[in-house]
Amino acid sequence: MAEMIIKNGVVYDPKNSVDGEKNEICIKDGKIVDNVGAGAKVLDAEGCLVMPGGVDGHTHCAGKINTARIMSPHDMRYSPIPGLSGPEPRTKLLRPQVGYNTPNTHAIGYRYSKLGYTTIAEAAITPMMARHMHEEFESIPILDKLALVLMGSNWQVMQYIQDGDSEMLKSYMAWALLASRGYGVKIVNPGGGSNWTWGKNVTGIDDKVIDFDVTPADILIGLAEANEALNLPHSIHVHCNNLGVPGNLPTTLDTMKLLERVKASQDRQVMHLTHMQFHSYTGTSWMDFASGSDQIADYINKHDHLTFDMGQMIFGPAMTMTADGPTEYRNARMFDAKWSNYDQELEDAGGIVPLAYTPQHFAHATMWSIGLELALLVKDPWKVMFTTDNPNGGAFVNYPEGQVLLMSDKKRQEVIAGFPDMTMDRISLPNIDRELDWGEMTVMTRSMPAKMLGLEEKGHLGAGADADVAIYDVKPDKVDVSVEHEAVKKALGFAKYTIKGGEIVVRDGDITALPKGKVYWVNAYENGIVQTEKDRLITDLEERFKKYYSMQFSNYMVEDAYVPRPVEVRPEVA
Amino acid sequence: MPVIKDVVCTFCGCLCDDLEVTVEDNKITKVGKACKLGRAKTMGMFLHERIEKPMIRKNGKDSELEECSYDEAITKAAEILVAAKRPISYGWCSTSCEAIEKAVVLAEETGSLFDSTANVCHGPSALATQEKGAPSCSLGTAKNYADLIIFWGCNPVHAHPRHQTRYSTMAKGAFTPNGKKDKKMIVVDPRNTDTAKKADLLLQLNPGTDYVLVEALRAIVNGHADVLPDEIAGIPKATVMEAAEMCKAAKFTVIYFGMGVTQTRGRYKSGDNVSSLVSDLSQTNKVVMIPMRGHYNVTGFGQVAAWEAGFPMALDFSRGVAYYNPGETGTNDVLMRREVDAFITGAADPGAHFPQESIKYLYKIPAIQVDGYANPTTEFSDVVIPAAIAGVECEGTAYRMDSQPIRMKKLIETTFKSDEEILTEIIAKVRELKGEGGA
C-alpha cells in the first residue's frame, strides 16, 4: 500500500519525548513506521506544526444528541464560525451540513477532521440505546469512535453491589460492554439517575438510593474495583453528584478521596473525572458562589490516582445534554427553557436543555474562568484533558478558541476585562499568568486522552501508532501565540493537513477524502468471565428481562450489522 | 415446524418484539402472540393483493399500468426525478431506517422536498417539542413505575391493541406488580371510546377544546383553581379538579397522546401546553409524555432525517442543504399550493390519507410509488415499483414510539427487492443521468 513521508515539520510527540523537533514521519499501510522506501510520497510540511491526530475523550456526538437536534431547528441555521458551523450545501464530495451545537452526523465528521481531530469518544450511552448510537457512528465519516457506557444508576449494578456479589457485578459489566459494543464504564450522578425516575435526586456520595440499599459511594467503589478486576483499558469515567450546584466542591473532593483506596490494574488513573468546571463551586447559592479551582487543583497536584477534563465553557449558545436528569430539569426551570427528558428502563436517566452563556453575567463569567484555572493550576498536563464537554459547555468547533486561551494570558485578560465587577472576587484567573506551550497542548488534546483511555495506537507518532496526523499552518519557532492568538486560532480550526489512517482527509482546511472510521470496543466477557459465572448471569438477566424490560432478551444486544468495522480490544485476564 | 421466536411486529409504534411466527415452505402459516392488526400485517402477503410486478403508465394518467422490468421502472423513476424542477419525496415510515437513509440521499441529490407521514399525524408533536421540549421515558420505565395512565386523544384498544397489556394500564412492572390494580386510568376524548369505557375517569371534552382543558389543569396544578369557570371544555369544573387531584396523588404519570391532541384545533400549541403541564407537575411529581405513533417506524424517519440532515420532517433540499419551515415545506403545504412537479412515495399511502385537494393535484403530476401492496396511491401513480416487506422479507432497524431502536428480522425469502435496494438503484440511475458517475 501507499507509503508517505512527512518532511520539514516541527513535530510534537510528547509520548516519545519529541518536543518541537524537525523529525520526519514515515507512514505505511495506515501506520506510523520507522522508515519507508525511496518511492514514498513526500509531504512537505514547510516548517509547520505537526502533532498526532486529536483525540476527544469526552464528547456527546451520537445518540442523545439526536433528540437535541429534533428540539432545535434554530441551531441548524446558526453559524457563528464560518466554515465550521451552520448550513453548507452539498458538494460533489460532501453531504449537506447544518448546525452549530448539534450538527448533523456528516458535519460532525467533517468539522472534527478540519480541527485535526481523528478519534472521538461518545461520553454517555445506555446499553439499551447503543444500537441508535452505532447507527449514528456509522453515519459520521472519517473519525474513529468509541463509547462510554452508562452504569451508575443501573439496576443490575446496584443489585449486585447491594448483594455484595462482586463476581456478578464483573460479569454484568463485561456483558453490558459486549451488549452495547462499548469501550468503557461511565458513571453519571451515581444513584441520582435511579432516584430521578421518582422525580428525586441524591445530594452527596453517602445518600441512599431509593430502591436499592446502596449509596453513590458504594456504586463508585463497586464499579471502580470491578473495572480494575476486569483489567479494562479505561478507568471508570465519572460525572460527580451535584453537577452545577453552588457548594458542590465538597462532593467532588469526597469523590476524589473515596477512590484513593482503589488500586489501578495498569499504568493509568483509577478514575477520570469529567467536566470538572461544573464540579468546582464553593458557596451556598448563586449569590455567594465562587471558584473552588484552587482546592481541586491542590488535591490533584498531590495525588496521582485520577485525571480530569476541563468542561470549558464557551460564551454563546450551548446545548446541554446529560444523563443527569435532575440537573436538566433544574436548568429548564431556572431559565424557563425547553426541556426534554428520558428515563431509560433499569439503566439511567437523561435530559436536554438549550442554554446560552454570556460574559455579562457573573455566574457564567466565573464558570468560564474556573475551567481555565483548573487546567492552568494543575501542574502535570498528563492529568488534564482539554474538553468543552461538547456541546454542554460549548460546541467542539470552539476548541481552537479554548486552546488559544490556555496559551495566551493576553487573550484571557482581554476577555476578563469585559466581565462584570461582581466576578472579580470569585475567580483567581486574573492572577495566573501561565501559558501552555505546544508540547503541553499536544498532551492535553491527544497524548493524554489516548493514554487515559488506554488507546495504544492513538495520541502519538511512534512506530506502530495509527497514522493519524494533524499539520497546522503555524510555525512554532516563529509565532508568539501569546500575542498572535487570533492567527493561531484560525490555523487550529482549519488544518493544513489532517491525515487519517495514512490518508489525507483535509488539505488547506478542506475535506479531500471520506474514509470510514473504526469503532473500538472492549470484549472482557468472552475470555474474562468463566462459564459458570456466565451461566449465573444469563439466568438472572433472563428473569429480569421477563419481569422488567420492555424488550426481549434475545433482541437486546447490538448486532454485528451495526459495527461493520470493529476493533475488538481484549483485556489480559488477570 | 420451524417457529421463529421474538419476532418484531411491524404494524404500529408499539413494535412488540415477542411474536412467534411459524414458517412452512417459505410461507407464514401462524403468527402467535400478535394482535389482530399485527397478525394481518405479518401474514399480509398471503392475505392481500400484492403488487406482483413493476408497472408504468406509458400514455399518461388515463392509461393503464403495464407490467415492466425493475430496470425499466427504476430508470423511469429516475428520469422523472431528474427532469423535475421541484420534486417531493414523501412517506418512508413503514420501512427500515436503512431504507430511509437512502431516501435522504436521493432527496439530497435530486434537490427534493422530503417529508414523512407525520405531516398528517404527529408532525405537530415535533413542533411542540421544538417549542417546549419532550419530557419522556422508555415504555419499560412506564410499565415499571406508572401508577396513573392518561390516554389523551388516542384509542389504543383499536389502534395499539397490545399497548395496555405490554406497557401501560394492564402491564405488571417492578412497582406495579399487580398490574391494573396498581394503576389508575384517565381518558380524554370527545367520544366514549372502547378505551374510555375502561377508564377510572373520562374527561369527555367538546371537540377541539384540548388546549383549554390543558390550560385549566395547569391553572389548578399551579394553585389558581379559583379563576376557572364552572364548566371547562364542556366538562364540569369538579371533574377537571378530580383529574388534577389524581395527577397530584400519583407517583408517576404517563400522558400518552394521539391525533386528538395533534390534529385538532390548537394543533402543536396543545402539545406544547401538555409539555408545560408536565414541567409544572414535575415540581412535585414524576410525569412524562409519550406520543402514540402509528406507522411502526415513523419515529425512525424523524431520527434518521435529524441525524442525516438536521430536521425530523418537512425538509427542503432545493438549496443543496436542508431548509425547514413546516407550514411552507410540509407535503400538503406544497401540494395545496400546486408547487411541486413530481412525487415519489414509499411505504406509505397518501392516496388514502391526504385531503382531496392534495390528491387532485397528485393526479396531475408524475408520481412514483414504491410499495409492497396496491392501495389508493397506486391509482394515480405512473411508476409502481414492488418492494419486499421490511420485517418480514428483509431485516433492518425500526424505532418504537418511545424512540427505542429494535432490529427487525427476515422471516421468509423473497424475489422482491427491498426499499433500500430500490432506492440505491434509483440513486445510481439519477447519478448516471446527471453525469455524476456512480460513487
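So, how was this worked out
Residues numbered from 1 in each chain as written. Chains lettered and ligands numbered in written order. Predicted model: local features only at pLDDT ≥ 70, side-chain atom pairs only at ≥ 80, totals over all residues. Heavy atoms only, no water. Helix = DSSP H or I, 4+ residues; strand = E, 2+ residues; numbered from the N terminus. Rg over C-alpha atoms; globule rule 2.2 N^0.38 Å. Buried < 20%, exposed > 50% of the residue type's maximum accessible area, 1.4 Å probe, protein only. Contact = heavy atoms within 4.5 Å. Areas by Shrake-Rupley, 256 points an atom, 1.4 Å probe, with all protein chains shown as cover. Domains from an automatic or database assignment. Buried area = accessible area lost by both parts, 1.4 Å probe. Core = buried A, V, L, I, M, F, W, Y, C linked by side-chain atoms within 4.5 Å. Salt bridge = Lys/Arg side-chain N within 4 Å of Asp/Glu carboxyl O. Nonpolar A, V, L, I, M, F, W, Y, C, P; charged D, E, K, R; others polar. Pairing = 2+ DSSP bridges. Phe/Tyr/Trp six-rings, centres within 6.5 Å; stacked < 30°, edge-to-face > 60°. Lys NZ or Arg CZ within 6 Å of the ring centre and 35° of its normal. Polar contact = N/O pair within 3.5 Å; in protein donor to acceptor, adjacent residues only side chain to side chain. Axes fitted to C-alpha atoms, helices over the stretch in contact; angles between N-to-C directions.

Chain B is annotated in an unreviewed UniProt entry as Formylmethanofuran dehydrogenase subunit B from Candidatus Methanogaster sp.

An unreviewed UniProt entry annotates chain A as Formylmethanofuran dehydrogenase subunit A of Candidatus Methanogaster sp.

## A look at the overall build of chain A
Of the regular secondary structure elements, chain A holds 17 helices and 26 strands. For 574 residues, the compact-globule estimate of 2.2 N^0.38 gives 25 Å, and the C-alpha radius of gyration of chain A, at 22 Å, lies within 12% of that figure. Referenced to the eigenvectors of the C-alpha coordinate spread, the extents of chain A come out at roughly 65 × 60 × 45 Å. Sorting the 574 residues of chain A into buried and exposed places 69% on the buried side. In chain A, once contacts between residues fewer than 6 apart in sequence are set aside, the share between residues at least 24 apart is 78%. Summing over all exposed atoms, chain A offers an accessible surface of approximately 17800 Å²; the carbon and sulfur share of this is 50%.

## Some points on the domain arrangement of chain B
By a widely used convention, the size of an interface equals the accessible area lost when the partners come together. Residue and element names in this part refer to chain B. Here chain B is partitioned into domain 1 (3-44), domain 2 (50-119 + 296-434) and domain 3 (123-291). One C-alpha centre belongs to domain 1, the other to domain 2, and the line joining them spans 25 Å. Every contact between the two is made by 19 residues of domain 1 and, on the other side, 17 residues of domain 2. Of the roughly 1500 Å² buried between domain 1 and domain 2, counting both surfaces, carbon and sulfur atoms make up 69%.

## Some thoughts on the nonpolar core
By size, the foremost hydrophobic cluster in this structure holds 307 residues, and its most contacted members are Trp175, Leu406 and Trp438 of chain A together with Trp152, Ile385 and Ile426 of chain B. Once residues lying within four places of it in the same chain are set aside, the contact partners of Trp152 of chain B are Val188, Asp210, Leu213, Val214, Leu217, Ile255, Tyr256, Phe257, Gly258 and Val261 of chain B. Among the nonpolar cores identified, the runner-up in size contains 19 residues, and Met4, Ile27, Ile32 and Ala465 of chain A belong to it.

## Thoughts on the interface of chain B and chain A
With 68 residues of chain B at the contact, the number on the chain A side is 57 residues. Interface area, chain B with chain A, both sides summed: about 5100 Å², of which 50% is carbon and sulfur. Considering only the side of chain B, the residues that lose the most area to chain A are Tyr145, Lys286 and Trp307 of chain B, jointly responsible for 13% of the buried surface there. Where chain B packs against chain A, one counts seven salt bridges. For the salt bridge of Arg333 of chain A with Asp280 of chain B, the shortest nitrogen-to-oxygen distance reads 3.4 Å. Here the element with the most residues in the side of chain B that touches chain A is helix α3 (residues 97-109) of chain B; it accounts for seven residues. Split by residue class, the side of chain B that touches chain A holds 26 nonpolar, 19 polar and 23 charged. Bridging between strand β18 (residues 340-343) of chain A and strand β8 (residues 135-137) of chain B involves three bridges; their strand directions are parallel. By the bridge assignment, Asp343 of chain A is partnered in β8 of chain B with Cys137 of chain B.

## What to know about unusual backbone geometry
All names here are of chain A. The omega torsion across Asn390 and Pro391 is -10°, close enough to zero to call that bond cis. Non-glycine residue Asn231 carries a positive phi angle of around 60°. Its identity as a non-glycine residue notwithstanding, Leu346 has a phi of 65°, on the positive side. One can find Leu346 in the loop between β18 and β19 (351-357).

## Section: the environment of Val488 of chain A
Residues and elements named next belong to chain A. Position of Val488 relative to the elements: it lies in helix α16 (residues 485-493). Separated by 85 residues in sequence, Val488 and Gln403 place their C-alpha atoms 9.6 Å apart. Once you skip the residues sitting within four places of it in the chain, Val488 turns out to touch Val404, Trp438, Val474, Val479 and Val481.

## Re the pairing of strand β22 (residues 497-500) of chain A
Residues and elements named next belong to chain A. A two-sided burial pattern is seen for β22, the buried positions comprising Tyr497 and Ile499 on one face and Thr498 and Lys500 on the other. Summarising the sheet, strand β21 (residues 469-472) and β22 pair through three bridges and their orientation is antiparallel. Residue Val469 lies in a different strand from β22, and its bridge partner there is Ile499. Relative to strand β23 (residues 503-507), β22 runs antiparallel, the two being bridged by four bridges. Along β23, the bridge assignment pairs Tyr497 with Arg507. With antiparallel pairing between neighbouring strands as the criterion, β22 and β23 make up a hairpin whose turn holds two residues, including Gly501 at a positive phi of roughly 55°.

## Some words on the packing of aromatic side chains
Applying the stated criterion across every chain, the model contains 38 aromatic pairs over all chains. Where Tyr112 of chain A meets Phe396 of chain A, the ring centres are 3.8 Å apart and the plane angle is 5°; that geometry is what we call stacked. You can see Tyr112 of chain A sitting in helix α3 (residues 105-114) and its partner Phe396 of chain A sitting in the loop between β20 (384-385) and α13 (399-407), a full 284 residues away along the chain. Phe396 of chain A shares its class with Tyr112 of chain A; the two are buried. Here the aromatic rings of Trp307 of chain B and Tyr399 of chain B are separated by 6.5 Å at their centres, their planes lie at 55°, and the arrangement is tilted. With Trp307 of chain B in helix α12 (residues 298-309) and Tyr399 of chain B in strand β21 (residues 396-399), this residue pair connects regions lying 92 residues apart in the sequence. The burial state of Trp307 of chain B is the same as that of Tyr399 of chain B; both residues are buried. A cation sits over an aromatic face here: Arg50 of chain B above Tyr373 of chain B, 5.8 Å from the ring centre.

## Observations regarding helix α5 (residues 155-162) of chain A
Within α5 of chain A, seven of the eight residues are buried, which leaves it mostly tucked inside the rest of the structure. Contact partners of the buried residues in α5 of chain A: α6 (166-180), α7 (192-196), α8 (216-229) and α17 (531-547) of chain A together with α5 (139-145) of chain B. Regarding α5 of chain A, its N-cap is Asn154 of chain A, as a side-chain oxygen of that residue lies 2.8 Å from the backbone nitrogen of Gln156 of chain A further along. Positive backbone phi, at 65°, marks Gly164 of chain A, one or two positions downstream of α5 of chain A.

## Quick notes on the sheet that holds strand β4 (residues 25-28) of chain A
Residues and elements named next belong to chain A. Here four strands make up an open sheet; going across it, the order is β5-β4-β1-β6 and the pairing mixed. Taken across any chain shown, the strands that pair with only one partner, and hence form the sheet edges, are β5 (31-33) and β6 (41-44). Strand-to-strand twist across the sheet, computed as the mean angle between neighbouring axes with direction ignored, equals 30°. The sheet contact formed by strand β1 (residues 3-7) and β4 spans four bridges and is antiparallel.

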